Amino acid sequence: VVPVDGSLHARAAARVGLQIAAGYGKPIETLSIQNSAHSHWEGRSRLRRSLEGLPGIENVRQTVATADDPTSGLLARLDQQDLLVIGFANRHLLEKWLFSSFSTRLLDNLPGSLILTSALADGERKFSDRIHRRFNWVLPTLTEMEQDSLTWIASEMAMPSLDFFF
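The shown structure was predicted, so the numbers you read here are calculated from the model rather than taken from an experiment. (Residues numbered from 1 in each chain as written. Predicted model: local features only at pLDDT ≥ 70, side-chain atom pairs only at ≥ 80, totals over all residues. Heavy atoms only, no water.)

Topic: the overall build of the chain
Counting its secondary structure elements, the chain contains six helices and five strands. Across the chain, helices and strands are ordered from the amino to the carboxyl terminus as β-α-β-α-β-α-β-α-β-α-α. Within the span of the chain, comprising 166 residues, buried residues form 23% of the whole. Counting only contacts in the chain whose residues sit at least 6 apart along the sequence, the fraction spanning at least 24 positions is 76%. Accessible surface, the chain as shown: approximately 12,100 Å² in total, 58% of it carbon and sulfur. (Helix = DSSP H or I, 4+ residues; strand = E, 2+ residues; numbered from the N terminus. Buried < 20%, exposed > 50% of the residue type's maximum accessible area, 1.4 Å probe, protein only. Contact = heavy atoms within 4.5 Å. Areas by Shrake-Rupley, 256 points an atom, 1.4 Å probe, with all protein chains shown as cover.)

With respect to the side chain of Thr-63
Structurally, Thr-63 is set in strand β3 (residues 60–66). A distance of 2.6 Å separates the side chain of Thr-63 from the side chain of Glu-29, its partner in a polar contact. Discounting chain neighbours no more than four positions away, the residues touching Thr-63 are Glu-29, Thr-30, Leu-31, Ser-32, Leu-47 and Arg-77. (Polar contact = N/O pair within 3.5 Å; in protein donor to acceptor, adjacent residues only side chain to side chain.)

Considerations on the nonpolar core
The biggest cluster of nonpolar side chains holds nine residues, and these are Leu-31, Ala-65, Leu-74, Leu-75, Leu-78, Leu-84, Ile-86, Leu-106 and Leu-110. Counting only elements with at least two residues in this core, the list comes to α3 (70–75) and β4 (83–87). In terms of nonpolar packing, the next biggest core, distinct from the first, is built from seven residues, Ala-21, Leu-51, Leu-54 and Val-60 among them. (Core = buried A, V, L, I, M, F, W, Y, C linked by side-chain atoms within 4.5 Å.)

Overview of the pattern of salt bridges
All told, the structure shown has three salt bridges when counted by the stated rule. One salt bridge in this structure joins Glu-29 and Arg-77, with 3.0 Å as the shortest N-O distance. Of this pair, Glu-29 sits in strand β2 (residues 28–34) while Arg-77 sits in the loop between α3 and β4, and the two are 48 residues apart along the sequence. On the accessibility criterion, Glu-29 (10% relative accessible area) is buried. In this structure, the salt-bridge partner of Arg-105 is Asp-69, at a minimum N-O distance of 2.7 Å. With Arg-105 in helix α4 (residues 93–109) and Asp-69 in the loop between β3 and α3, this residue pair connects regions lying 36 residues apart in the sequence. The exposure class assigned to Asp-69 is partly exposed, which follows from its relative accessible area of 24%. (Salt bridge = Lys/Arg side-chain N within 4 Å of Asp/Glu carboxyl O.)

Some remarks on helix α2 (residues 40–51)
The end-to-end C-alpha distance of α2, which contains 12 residues, comes to 17 Å, matching closely the 16 Å that a straight helix rising 1.5 Å per residue would cover. Those residues of α2 that sit buried are Gly-43, Arg-46, Leu-47, Ser-50 and Leu-51. On an axial view of α2, the arc spanned by its buried residues comes to 125°, and they lie on one face. Every exposed residue of α2 that faces more than 90 degrees away from the buried side is listed here: Trp-41 and Arg-48. Summarising the contacts, the buried residues of α2 are in contact with α1 (8–24), β2 and β3. Following α2 by one or two positions, Gly-53 adopts a phi angle in the positive range, close to 85°. (Expected span 1.5 Å × (residues − 1). Arc of directions from axis to C-beta.)

A closer look at the side chain of Ser-32
One can find Ser-32 in strand β2. Judged by its relative accessible area of 1%, Ser-32 falls in the buried class. Separated by 3.5 Å, the side chains of Ser-32 and Arg-46 make a polar contact. Not counting chain neighbours up to four residues away, the residues in contact with Ser-32 comprise Val-4, Gly-43, Arg-46, Leu-47, Thr-63, Val-64 and Ala-65.

Overview of the confidence of the model for the chain
Confidence along the chain averages 78 in pLDDT terms, with 77% of residues attaining 70 or more. Confidence, expressed as mean pLDDT per element, reaches its minimum in the chain at strand β1 (residues 2–3) with 68 and its maximum at β3 with 88. (pLDDT = per-residue confidence, 0-100.)

A short note on the packing of α1 against α2
At a minimum axis distance of 8 Å, the contact between α1 and α2 shows a crossing angle of 70°. The orientation of α1 with respect to α2, classified from their angle, is roughly perpendicular. For the element pair α1 and α2, the recorded crossing hand is right-handed. Contacts between α1 and α2 involve Ala-10, Arg-11, Ala-14 and Leu-18 from the former and Arg-49, Ser-50 and Leu-51 from the latter. Here the residues of the contact of α1 with α2 sort into four nonpolar, one polar and two charged. (Axes fitted to C-alpha atoms, helices over the stretch in contact; angles between N-to-C directions. Parallel < 35°, antiparallel > 145°, perpendicular 65-115°, else oblique. Left-handed = near helix turned anticlockwise from the far one by under 90°. Nonpolar A, V, L, I, M, F, W, Y, C, P; charged D, E, K, R; others polar.)

Written out as structure tokens, the structure reads:
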């Protein structure tokens with residue numbers, strides 16, 4: 001399931017979703033969730049913009065759903081067997097404050113698996129930035145927060161307990 005809104009990030013998610021579906025021979029559904037103030041044709045237009053020019057779109061089920069809350073509308077359509085592919089976009093502090101409940105509620109209540117995709121950021125259009133990004137894919141490194149978390153987990157696992165005394 002790939003929720004789309006016609007943006008660059010939605011196109012990146014749709015591309016990844018199409019590749020995964022083709023690779024595993026599974027069905028794919030693109031989903032546009034909107035409130036009742038928008039027409040069905042507006043949702044269809046967002047779906048069309050997100051899929052335009054991508055290979056394999058003839059096998060995509062395109063759905064426009066109406067819901068007052070996009071998070072509950074999306075979660076109502078998912079079960080444990082679904083893989084959700086979402087385009088990630090960096091947001092400004094105000095946008096995070098206004099719309100953060102979507103991400104938090106989605107991650108807290110998602111019954112299946114999630115893949116976040118990202119299109120190139122605005123400043124990464126230069127060749128050197130693309131090479132740096134690809135180099136990071138080949139040799140991934142943990143962020144400082146991930147390193148700290150890993151250290152805490154390792155220290156908790158290494159603490160002596162009654163298991164070591166028997």
